[in-house]
Amino acid sequence: MTQTLMTLAARLKYDLRQVRFLENESTPTTMKNNIFDAPPGFTPTGQRVDPMDNIFQQARQGSVAAIIQVLNEKLANSGIRTRAVLDRGILQLLCEGETEGQLEQTPVVEKVTMILEEIAPRHIRRVNINSRLVREQQLLWLEEIQQDPEGQLLWSELIVLRKPGLLTQWSYNRQAQSFRKRKTPLPNYTPSQLTREQRQFRRGIIGGAIFSGVLVLAGLGVLSWWGTPKDSNSDTPPVAGTNPSTPSTATPTTADAPTADPFPEAVRLAQAAANEGLTAQTEEEWLALAEKWQQASDLMAQVSASDDRYQIAQDRTIRYQENSQAAQREADKLR
């Protein structure tokens, strides 16, 4: 009877220790894979475990990733890193360290057993603990140690986890319920809300594009206004060989409005009159020729006396005047 009471007291003491451990610890994860081979705190894909979930809730459900994260955190001070894979109902656990002193069999097995029994993962009772010096991460480490256990491992030991007592199971259920109550549900967006947000987003993009276009057009207008002279007639010199005050219909040019260089303009008008004189037949055409020759004569008369072409201009003035008079006589004949 005394022996039975002592056994029950020891069991109750163990269950209470597990309850205190569960109430003081809370580390997150969302990994539910059965294979984990990454540094502590990371999943096999390189993503950190979700901090919104409870690692122990995942570990108790049999998540190998959560179990390994708990082991890595608890064994970090001992310099031990763990990997694991669930193989045919047995949790194959690999413990790696820098030195053999960190991997002494008895203390490592005791620590791992205590941690796993505190987690009490569902459907996991048998655990094969393997030990070797740390190496680069290898995805096929289990196959390697199974093919050559003596060459790959320092030691290996199979343990069987004890089932949690009634008090511990009750504590697990209470914490699971509390965890579910604390979880904040994700926002539930209705289709109408999503459509409204998408429309607002599109309106923002379109409005920004229109505003940018207005700014660009305004900038171009300002640049055009500053770059255009206020009085183009007084600042822009006339092109050589043209008379800016003379329209294309060849209005008479007088001495009151001299061109910058009348000589080439007079030559241009004389050449045009000569070409048109070859085909002139009507009275109107001869009158236009007489007017054009007169314009050429007047322009030659504007050449300054200091110009090297002055003598030629004087001669051409008389000749163009005679051509104008001859064209006038041809027009008079057709009246």
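Treat the numbers as computed from the prediction; the structure is a model and nothing was measured.

1. Side note on the overall build of the protein
Here's step 1: Per the secondary structure count, the protein includes 12 helices and five strands.
Here's step 2: With 335 residues in all, the protein has 35% of them scored as buried.
Here's step 3: Considering only contacts within the protein whose residues lie at least 6 apart along the sequence, 68% involve residues at least 24 apart.
Here's step 4: Of the accessible surface of the protein, which amounts to about 21500 Å², a share of 55% is contributed by carbon and sulfur atoms.

2. Comments concerning the environment of Y310
Here's step 1: Assignment of secondary structure puts Y310 in helix α12 (residues 310-333).
Here's step 2: Overall, Y310 belongs to the partly exposed group, its relative accessible area being 25%.
Here's step 3: Excluding residues that lie within four positions of it along the chain, Y310 makes contacts with V303, S304 and A305.

3. Regarding unusual backbone geometry
Note: most residues except glycine have negative phi, and most peptide bonds are trans.
Here's step 1: In this structure, R88 is a non-glycine residue whose phi angle is positive, near 55 degrees.
Here's step 2: By the secondary structure assignment, R88 is in the loop between β2 (81-87) and β3 (90-97).
Here's step 3: A positive phi angle, close to 55 degrees, is found at A120, a residue other than glycine.
Here's step 4: As for its placement among the helices and strands, A120 is situated in the loop between α4 (105-119) and β4 (126-133).
Here's step 5: Note on A120: relative accessible area 11%, which makes it buried.

4. Topic: the pairing of β3
Here's step 1: Among the eight residues in β3, eight count as buried, and that is most of the element.
Here's step 2: Of the two faces of β3, the one lined by I90, Q92, L94 and E96 and the one lined by L91, L93, C95 and G97 are each fully buried.
Here's step 3: The loop that links β2 with its antiparallel partner β3 comprises two residues; one of these, R88, has a positive phi angle of about 55 degrees.
Here's step 4: Of the pairings in the sheet, the one linking β3 to β4 comprises eight bridges and is parallel in character. Bridge assignment links Q92 to a residue of β4, and that residue is N128.
Here's step 5: What joins β3 to β4 is α4, and the crossover it makes is right-handed.

5. Some thoughts on the nonpolar core
Here's step 1: Membership of the largest hydrophobic core comes to 28 residues, with the highest contact counts inside it found for L71, L93, C95, V112, V127 and I129.
Here's step 2: Among the elements that line this core, the one with the most residues is helix α3 (residues 64-75), at seven residues.
Here's step 3: For V112, the contacting residues outside a window of four places in its chain are L71, L75, L93, C95 and I129.
Here's step 4: Counting residues in each nonpolar core, the second largest holds 18 residues, with L269, A270, W286 and Y320 among its members.

6. Re the pattern of salt bridges
Here's step 1: What the rule picks out here adds up to 13 salt bridges.
Here's step 2: Residue R268 is joined to E265 by a salt bridge in which the shortest nitrogen-to-oxygen separation is 2.6 Å. Of the two residues, R268 and E265 are both situated in helix α10 (residues 262-277); the distance of three residues between them amounts to about one turn of the helix.
Here's step 3: For E265, a relative accessible area of 3% corresponds to the buried category.
Here's step 4: For R335, the salt bridge is made with E283, and the minimal N-O distance between the two is 3.2 Å.

7. Regarding α10
Here's step 1: End to end, α10 covers 22 Å across 16 residues, agreeing with the expected 22 Å (1.5 Å per residue, within 8%).
Here's step 2: The complete set of buried residues in α10 reads P262, F263, E265, A266, L269, A270 and A273. What you see down the axis of α10 is that its buried residues fit within an arc of 160 degrees, all on one side.
Here's step 3: Where α10 is buried, its residues meet α11 (283-301) and α12.

8. Observations regarding the packing of α11 against α12
Here's step 1: Here α11 crosses α12 at 165 degrees, and the two axes come no closer than 8 Å. Considered as vectors, α11 and α12 are oriented roughly antiparallel to each other. Taken as a pair, α11 and α12 cross one another with a handedness that is left-handed. Of the residues in α12, those in contact with E283, W286, L287, L289, A290, W293, Q294, A296, S297, M300 and A301 of α11 are A313, R316, T317, Y320, Q321, N323, S324, A327, Q328, E330 and A331.
Here's step 2: Of the residues that constitute the contact of α11 with α12, the class distribution is 12 nonpolar, seven polar and three charged.

9. A word on the environment of N128
Here's step 1: Examined against the element boundaries, N128 turns out to sit in strand β4.
Here's step 2: By relative accessible area, which is 14% here, N128 ends up buried.
Here's step 3: Taking the C-alpha atoms as reference points, N128 and I90, 38 residues apart in sequence, are found 6.9 Å from one another.
Here's step 4: Those residues in contact with N128, other than ones at most four positions away along the chain, are I90, L91, Q92, L93, S156, E157 and L158.

Cut-offs and rules
- Residues numbered from 1 in each chain as written.
- Predicted model: local features only at pLDDT ≥ 70, side-chain atom pairs only at ≥ 80, totals over all residues.
- Heavy atoms only, no water.
- Helix = DSSP H or I, 4+ residues; strand = E, 2+ residues; numbered from the N terminus.
- Buried < 20%, exposed > 50% of the residue type's maximum accessible area, 1.4 Å probe, protein only.
- Contact = heavy atoms within 4.5 Å.
- Areas by Shrake-Rupley, 256 points an atom, 1.4 Å probe, with all protein chains shown as cover.
- Pairing = 2+ DSSP bridges.
- Right-handed = clockwise from strand over helix to strand, strands pointing away.
- Core = buried A, V, L, I, M, F, W, Y, C linked by side-chain atoms within 4.5 Å.
- Salt bridge = Lys/Arg side-chain N within 4 Å of Asp/Glu carboxyl O.
- Expected span 1.5 Å × (residues − 1).
- Arc of directions from axis to C-beta.
- Axes fitted to C-alpha atoms, helices over the stretch in contact; angles between N-to-C directions.
- Parallel < 35°, antiparallel > 145°, perpendicular 65-115°, else oblique.
- Left-handed = near helix turned anticlockwise from the far one by under 90°.
- Nonpolar A, V, L, I, M, F, W, Y, C, P; charged D, E, K, R; others polar.

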